Amino acid sequence: MIRTAVMATGLMLLAQTAGAVDCRAEPFDGVRYTICEVDAATETLELFLYGEDGSPLGQFSNINRALASENLQLIFAMNAGMYHDDRAPVGHYVQDGQEIMRVIESAGPGNFGLLPNGVFCLREGRADVFETSEFVAAAPTCEDATQSGPMLVIDGALHPRFLEDGTSKFIRNGVGTSEDGQRVVFAISDEPVNFYDFGRLFRDHLSLPNALYFDGKISRLYAPELGRSDFGFSLGPIVGVVAPSD
C-alpha cells in the first residue's frame with residue numbers, strides 16, 4: 001500500500017479528514033447520482049483485494065479492520081473492477097507494485113470485453129484512466145492498477161457502441177480522471193441508468209476526458225460523510241482513500 005504520503009503528512013491529514021473527499025448527491029439529466037471527488041496530489045488512493053492471509057477482503061468493514069492495526073482508516077471506498085466467483089480480478093490488477101493479473105487486450109463476452117476497455121492506474125501524486133491499448137503502449141509503472149470495461153469516455157468521446165436509447169439499465173459505478181491526473185471523480189448512480197447516459201455524466205457534466213466503467217448491479221459505495229456504507233455480497237477489487245484514524 002502507498003503509505004509514505006500518509007505517514008509523512010499524518011497530522012495535517014488528521015485535521016483535514018472531513019474535507020479530504022468531496023462526496024455529494026448530484027442530479028444530472030433527470031438521474032440521481034452520488035459523486036465523490038478526490039485530489040490525487042494530496043490524498044492517498046489505494047486498491048484492496050486480498051488480506052494478509054491471502055483471502056479476499058470483500059467488504060469495506062474488513063478493509064477498515066486491516067487498516068486499524070496501522071492507525072489508518074478508509075474515508076471513501078468503492079468497488080473497482082470485475083471479478084470471478086473466487087473474487088480474482090477478470091483483468092489486469094496490480095497492488096503495491098505487484099502484478100496479480102496480466103493485461104487482457106482481446107475482445108470477449110460481457111461488459112469487460114466490450115472494447116475498448118481500460119485501466120485505472122495509480123502513481124505517485126496522480127491517477128489516470130487509460131484505454132487499454134494506450135496503456136500497453138505507454139507502459140506506465142503503476143503502484144496500483146485495475147482493468148475494467150467498457151471505457152465510458154475516450155479522449156472526450158463516448159464509447160462508440162453506446163446507444164442513446166439503450167434499454168439495459170442498472171445501478172452503475174465508475175471513475176473519471178482529468179488530463180493532468182490530479183482530479184479523480186468517482187460516481188455511482190442512485191437509480192438504474194444506461195451506458196450512454198452514464199458516459200455523458202462524466203463527459204458533459206463532470207468535464208472529464210477519460211472515464212472507465214467499474215461495474216453494475218453489485219455497485220457499492222462507502223462514504224461515511226454521507227452516512228453511507230453499502231453492504232452486500234463479497235466484492236473483488238476495491239478502491240479507497242486512506243487517512244490516519246481519528
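Read on for a plain summary of the structure. (Residues numbered from 1 in each chain as written. Predicted model: local features only at pLDDT ≥ 70, side-chain atom pairs only at ≥ 80, totals over all residues. Heavy atoms only, no water.)

1. A word on the nonpolar core
Here's step 1: Judged by nonpolar contacts, the single largest core of 31 residues is most densely connected at Leu45, Phe76, Phe120, Val184, Phe186, Phe214 and Val239.
Here's step 2: Core analysis: the next-biggest nonpolar cluster, separate from the first, contains 23 residues, Ile35, Leu152, Ala187 and Leu206 among them. (Core = buried A, V, L, I, M, F, W, Y, C linked by side-chain atoms within 4.5 Å. Buried < 20%, exposed > 50% of the residue type's maximum accessible area, 1.4 Å probe, protein only.)

2. So, the sheet that holds strand β7 (residues 118-123)
Here's step 1: The five strands lie next to each other as β6-β5-β9-β7-β8, forming an open sheet whose pairing is antiparallel. The open sheet is flanked by β6 (98-101) and β8 (126-131), the only strands paired with a single partner. Ignoring strand direction, the axes of neighbouring strands in this sheet form an average angle of 20°.
Here's step 2: By the bridge criterion, two bridges tie strand β5 (residues 93-95) to strand β9 (residues 144-148) in an arrangement that is antiparallel. Paired with Tyr93 across the strands is Thr146, a residue of β9. (Pairing = 2+ DSSP bridges. Helix = DSSP H or I, 4+ residues; strand = E, 2+ residues; numbered from the N terminus. Axes fitted to C-alpha atoms, helices over the stretch in contact; angles between N-to-C directions.)

3. A few points about the state of the cysteines
Here, the word disulfide means a covalent bond between the sulfur atoms of two cysteines.
Here's step 1: In total, this model carries two disulfides according to the counting rule given.
Here's step 2: Cys23 shares a disulfide with Cys36; S-S distance 2.1 Å. The S-S bond linking Cys23 to Cys36 shows a torsion near 115°; that makes this disulfide right-handed. With a gap of 13 residues between them, Cys23 in strand β1 (residues 21-28) and Cys36 in strand β2 (residues 31-39) connect regions that are remote in the sequence.
Here's step 3: Given the relative accessible area of 1%, Cys36 is considered buried.
Here's step 4: Residue Cys121 pairs covalently with Cys142 via a disulfide, S to S 2.2 Å. (Disulfide = S-S within 2.5 Å.)

4. Some words on the sheet that holds strand β15 (residues 221-223)
Here's step 1: If you walk across this open sheet you meet the five strands as β3-β17-β4-β15-β16, and the pairing is antiparallel. The open sheet has two edge strands with one neighbour each: β3 (44-48) and β16 (228-229).
Here's step 2: Examined bridge by bridge, β15 and β16 share two bridges and lie antiparallel to one another. Pairing of Tyr222 across the sheet is with Ser229, part of β16.

5. Quick notes on the pairing of β9
Here's step 1: Most of β9 sits inside the fold, with five of its five residues counted as buried.
Here's step 2: On β9, burial covers both faces: Asp144, Thr146 and Ser148 on one face and Ala145 and Gln147 on the other are all buried.
Here's step 3: Here β7 runs beside β9; their pairing, made up of five bridges, is antiparallel. By the bridge assignment, Phe120 is partnered in β9 with Thr146.

6. Observations regarding helix α5 (residues 195-205)
Here's step 1: Every buried residue of α5 is accounted for by Phe195, Tyr196, Phe198, Gly199, Arg200, Leu201 and Phe202.
Here's step 2: Its side-chain oxygen 3.3 Å from the backbone nitrogen of Tyr196, Asn194 forms the N-cap of α5.
Here's step 3: Just beyond α5, the residue with positive phi is Ser207, at close to 55°. (Polar contact = N/O pair within 3.5 Å; in protein donor to acceptor, adjacent residues only side chain to side chain.)

7. Quick word on the pairing of β3
Looking along a regular strand, one sees side chains alternate from face to face of the sheet.
Here's step 1: Burial analysis of β3 places five of its five residues in the buried class, the great majority of the element.
Here's step 2: Because side chains alternate across β3, one face comprises the buried residues Thr44, Glu46 and Phe48, and the other comprises Leu45 and Leu47, equally buried.
Here's step 3: Two strands pair when backbone bridges link them, and β3 and strand β17 (residues 238-244) are joined in this way by five bridges, in the antiparallel orientation. Each residue of the ladder has a partner; that of Leu45, found in β17, is Val241.

8. Remarks on unusual backbone geometry
Here's step 1: Following Leu115, the chain continues to Pro116 via a peptide bond in cis, the omega torsion being 0°.
Here's step 2: Along the chain, the position of Pro116 falls in the loop between β6 and β7.
Here's step 3: Cis geometry marks the peptide bond from Gly149 to Pro150, where omega comes out at 5°.
Here's step 4: Here Pro150 lies in the loop between β9 and β10 (151-154).
Here's step 5: Even without being glycine, Asp29 reaches a positive phi, approximately 55°.
Here's step 6: Within the secondary structure, Asp29 is located in the loop between β1 and β2.
Here's step 7: Positive phi values are uncommon outside glycine, yet Arg87 reaches one of about 75°.

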